[in-house]
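Examination of the molecular architecture
Residues per chain, in single letters:
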Amino acid sequence: MSTVLNVLLPIFGLILVGFICRRTNRLGETAASEMNRFVVWLGLPALLFSLTAKADWAHIWQPGFLLAFTGGMLAVFLVTLVYRWKTTGSLVDASIDGLSAGYANTGYIGIPLCVLVLGEDGMAPALIASLLVVCVLFGLAVVCIEVGLQSKKGLGGAIVQVVMALLKNPLVVAPLLGAAWAFGGVQMPTALDEFLRLLGAATVPCALVSLGLFLAQRQSGPSEGAWPLVALKLVLQPLVTWFIAFVLLDLPPFWAHAALLLSALPTGTGPFMLAEYYQRQAALVSRAILFSTLGSLLTLTLILLLITP
């Protein structure tokens, strides 16, 4: 139990610090947005580039882990998408709800959690999961939204729009550039390595405090239906992932534990950003993020008790 507390308390402590600072107005209304910009455009890209540039790609290429994590993620997204589409009649809102149910917070919570639980090797599954969430799930949701909006460009235009958006996303570009550097076989200069290390070291604390600032923001509008999304994210997704990783594929313990841990993460801020971008009602999404983050204290504790000696 002490191991679990040592892992979770620092992470959720930083989230709580951000939450308190915003609620007591120690940090202003734009603090969450500005700190998030730093993480997205500087800190996390530096960390992802450095990791992929120095990664052992033979170690990272794990088809079983890819299937387990992606299977649980897409299963929850599709179930939610179909159900909400039938009940609301809106493919756009159903896509955002599906994203809220399947979008794991791999960047802000997953990376520090995996490193703390699994050691430095835990960065590899966290990195893979982050790319899958951003490139696969987020991209699929955007395509569905564009189709639902009946874009004049049609499905082909929507796909082009998604590809262009991903190519402008620093969280996608940075690891791709890092991978290109690694395959080039060029030794990273010491000065560049230290620059990236210093910048990347600020990522985790800033990301967690930023998340706390975001969760402290009060959202107006109806938020009914948040708890079913939370249950899908914190219960169904880990169950599906566990079945694939432990029963169907019988993965090695390290990769099975990583897949299960990452699948049980709370909802990230991606669905909220998408709802805001398309000017949809964001109250439901923000509540799902808040409730799942709080609920993950329990679910992650239970999982850590199961996988840690």
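Residues numbered from 1 in each chain as written. Predicted model: local features only at pLDDT ≥ 70, side-chain atom pairs only at ≥ 80, totals over all residues. Heavy atoms only, no water.

**Re the pattern of salt bridges**
As enumerated under the stated definition, the model contains four salt bridges in all. A salt bridge links Glu 34 to Arg 37; the nearest nitrogen and oxygen atoms lie 4.0 Å apart. Taken together, the residues Glu 34 and Arg 37, both in helix α2 (residues 31-53) and three residues apart, mark about one turn of the helix. The class of Arg 37 is partly exposed, set by a relative accessible area of 48%. Glu 194 is the partner of Arg 197 in a salt bridge, and the nearest nitrogen-oxygen pair spans 2.7 Å. Of the two residues, Arg 197 and Glu 194 both sit in helix α10 (residues 190-201), three residues apart, roughly one turn of that helix. Given a relative accessible area of 46%, Arg 197 falls into the partly exposed group. What makes Glu 194 partly exposed here is its relative accessible area of 34%. (Salt bridge = Lys/Arg side-chain N within 4 Å of Asp/Glu carboxyl O. Helix = DSSP H or I, 4+ residues; strand = E, 2+ residues; numbered from the N terminus. Buried < 20%, exposed > 50% of the residue type's maximum accessible area, 1.4 Å probe, protein only.)

**Focus on the nonpolar core**
Formed by 81 residues in total, the largest nonpolar core has its most connected members in Phe 65, Phe 69, Ile 109, Leu 261, Leu 262 and Leu 300. At 14 residues, the largest contribution of residues to this core is made by helix α7 (residues 123-148). Leave out the neighbours within four places in its chain, and Phe 65 touches Pro 125, Ile 128, Ala 129, Leu 251, Trp 255, Ala 258, Ala 259 and Leu 262. (Core = buried A, V, L, I, M, F, W, Y, C linked by side-chain atoms within 4.5 Å. Contact = heavy atoms within 4.5 Å.)

**Considering the environment of Phe 183**
As for its position among the elements, Phe 183 is in helix α9 (residues 170-184). Along the primary structure Phe 183 and Lys 54 are separated by 129 residues, whereas in three dimensions their C-alpha atoms are 9.8 Å apart.

**So, the packing of helix α6 (residues 106-118) against α7**
Here α6 crosses α7 at 165°, and the two axes come no closer than 8 Å. Comparing their axes, α7 and α6 come out roughly antiparallel. Along this stretch, α6 crosses α7, giving a crossing that reads as right-handed. Taken together, the residues of α7 that come into contact with α6 (itself represented by Thr 106, Gly 107, Gly 110, Ile 111, Cys 114 and Val 115) are Met 123, Ala 126, Ala 129, Ser 130 and Val 133. Here the residues of the contact of α6 with α7 sort into seven nonpolar, four polar and no charged. (Axes fitted to C-alpha atoms, helices over the stretch in contact; angles between N-to-C directions. Parallel < 35°, antiparallel > 145°, perpendicular 65-115°, else oblique. Left-handed = near helix turned anticlockwise from the far one by under 90°. Nonpolar A, V, L, I, M, F, W, Y, C, P; charged D, E, K, R; others polar.)

**With respect to helix α5 (residues 91-102)**
Along its 12 residues, α5 runs 16 Å from first to last C-alpha, staying within 8% of the 16 Å computed at 1.5 Å per residue. Within α5, 11 of the 12 residues are buried, leaving the element largely enclosed by the surrounding structure. (Expected span 1.5 Å × (residues − 1).)

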